[in-house]
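Structure at a glance
What follows is the residue order along each chain.
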Amino acid sequence: MSTQDNISVNLKVWRQDGPNDKGRFEDYSLKDVNTHMSFLEMLDVLNENLMKEKKTPIEFDHDCREGICGSCNLVINGIAHGPEARTAACQLHMRHFKDGETITIEPWRATAFPVIKDLVVDRNAFDRIMSAGGYVTVATGNAPDANALPISKVHADSAMDYAICIGCGACVASCPNSSAALFTGAKIAQLSKLPQGEPERKQRVKSMVEQMEKEGFGDCSNFGECEAVCPVGISISAIATMRTEYVKAMFS
Amino acid sequence: MSSFAYALQTTIGRKILTGLTGIFLTLFLIAHLSGNLSLLIPDGGEAFNRYAEFLHDLGPLLWIAEIILVILFLTHAYIGISIYLNKKKARPVNYSYYKSQGGPSKQNFASRSMLISGSIILLFVILHVMHFKYHLFSPETYMTSYDGQEMVDLAKHVEVAFLNPWIVAAYSFVMILIGVHLKHGVWSAFISLGAKNPKITPVLYTVGGVVAILLAAGFLLLPLYIYINGGLS
């Protein structure tokens, strides 16, 4: 961690012109980086400089920049979302880097997440898993009374622990096997804890798992790396829950 | 597409099969080790030889057990290898630099080398069966008799083998690898079979480590004892 207000950094950034381009690393150096800037703000400054030099800026995904939208997706120095635990790349500050440090930035790497350009990847595979079963049936007509459906505090809390998944894909990016078990497991576990999820409970786990298989993610080997990089700290209990839900659905 | 046969081929079904076969193989190791340790009873190997004779006399029951063991080994190995091949397909372009975040991650030497440790163990198992069942490396068959009953002196066979420094070294190396494999394997099997209470899972990881150390140490005891002692007694 740097205590200085300004540091210089060397950046090794993955550049790829399009889905079919082979891609390569390009080196940049940036002086007077304010350590109170977020990592994405540092990239904004770099892009400003590139544009002033009439060069193509680096494409990277971002939206809310407050750690809740799940858009940012950078592998920073070999770790998805960078070196700080439970921190999305947008919430990572430059004070966590040393003066003169070389920082490697790569996109999520997985067959199921093809690179669109530079650091931007296509994460539609997650959306297709959600479409396959990540929904609940609701009665149409008048809105039901709030709290009409009793849910125990324990179940509500447990469902919330899984519902905080922002779908960023760091679990896939960091998994040595590129498995999507934590994402899919979190969605299944969340809905399995709530009465609203009950009507589709069995079909949901079958359909979502089947879609996950189709997307070309790898096997889960219980490395637990996904939990370690997850910016919201979802436990791999989600994966064990998905497995028990799947077995229950198969045998009934 | 949600038949039982399909379910077994999904990443979930395969993981459950790996966990189940792994647990049965670990139980087999425990049974195997208790048989081996009977050699340490100072009776000139009589208990061990009688145990071997008892297993041998089971006849068809023994064959069934052997077939089940072969199926367990092959299923476990086949899925392990296919997980590795899937992994290559799921990420054809690797990171130029990759690091573990640490914390709750169980990524370590043991978990990352499951394919390598597993392959060496499989090769060892084949050689081990050739050695002790089919006498590949030491063709003599020693005989002994207890109370007038003739039987194969398997204890002598083991003693001769473990007086050879090369066999002791290779065997010990593989026993350490079995410990390394089980360090991740035992814990992983529990998670694959649905252990999900966050209060219990860290305990399971410790239990896995203890089981791994105990089994490896147990199997190491015999060759080291025989070699250092210059024989069984």
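Just so you know, these numbers come straight off a predicted model, no measurement behind them. (Residues numbered from 1 in each chain as written. Chains lettered and ligands numbered in written order. Predicted model: local features only at pLDDT ≥ 70, side-chain atom pairs only at ≥ 80, totals over all residues.)

**Let's talk about the overall build of chain B**
The helix and strand inventory of chain B stands at nine helices and two strands. Reading the helices (α) and strands (β) of chain B from amino to carboxyl end gives α-α-α-α-α-α-β-β-α-α-α. Along the three orthogonal principal directions, the C-alpha set of chain B runs to about 65 × 40 × 35 Å. When burial is assessed residue by residue, chain B has 30% of its 233 residues classed as buried. Considering only contacts within chain B whose residues lie at least 6 apart along the sequence, 76% involve residues at least 24 apart. (Helix = DSSP H or I, 4+ residues; strand = E, 2+ residues; numbered from the N terminus. Buried ≥ 20, exposed ≤ 12 C-beta atoms within 10 Å, placed from the backbone. Contact = placed C-beta atoms within 7 Å.)

**Describing the sheet that holds strand β4 (residues 79-80) of chain A**
Residues and elements named next belong to chain A. Taken together, five strands build an open sheet; the order of strands is β2-β1-β5-β3-β4 and the sheet is mixed. The outermost strands of the open sheet, each flanked by one partner alone, are β2 (24-34) and β4. Inspection of the sheet shows strand β3 (residues 75-76) paired to β4 by two bridges, in the antiparallel sense. Pairing of Val75 across the sheet is with Ala80, part of β4. Here helix α1 (residues 39-52) sits on the sheet in contact with β1 (6-15), β2 and β3, set at roughly 105 degrees to β2. (Pairing = 2+ DSSP bridges. Axes fitted to C-alpha atoms, helices over the stretch in contact; angles between N-to-C directions.)

**Some thoughts on unusual backbone geometry**
All names here are of chain A. Look at Lys54: it is not a glycine, yet its phi comes out positive at around 60 degrees. If you trace the backbone, Lys54 turns up in the loop between α1 and β3. Although it is not a glycine, Asn147 sits at a positive phi angle of roughly 60 degrees. Considering the arrangement of structural elements, one finds Asn147 in the loop between α2 (124-133) and α3 (153-163). Classification of Asn147 by C-beta neighbours within 10 Å gives exposed; the count is 7.

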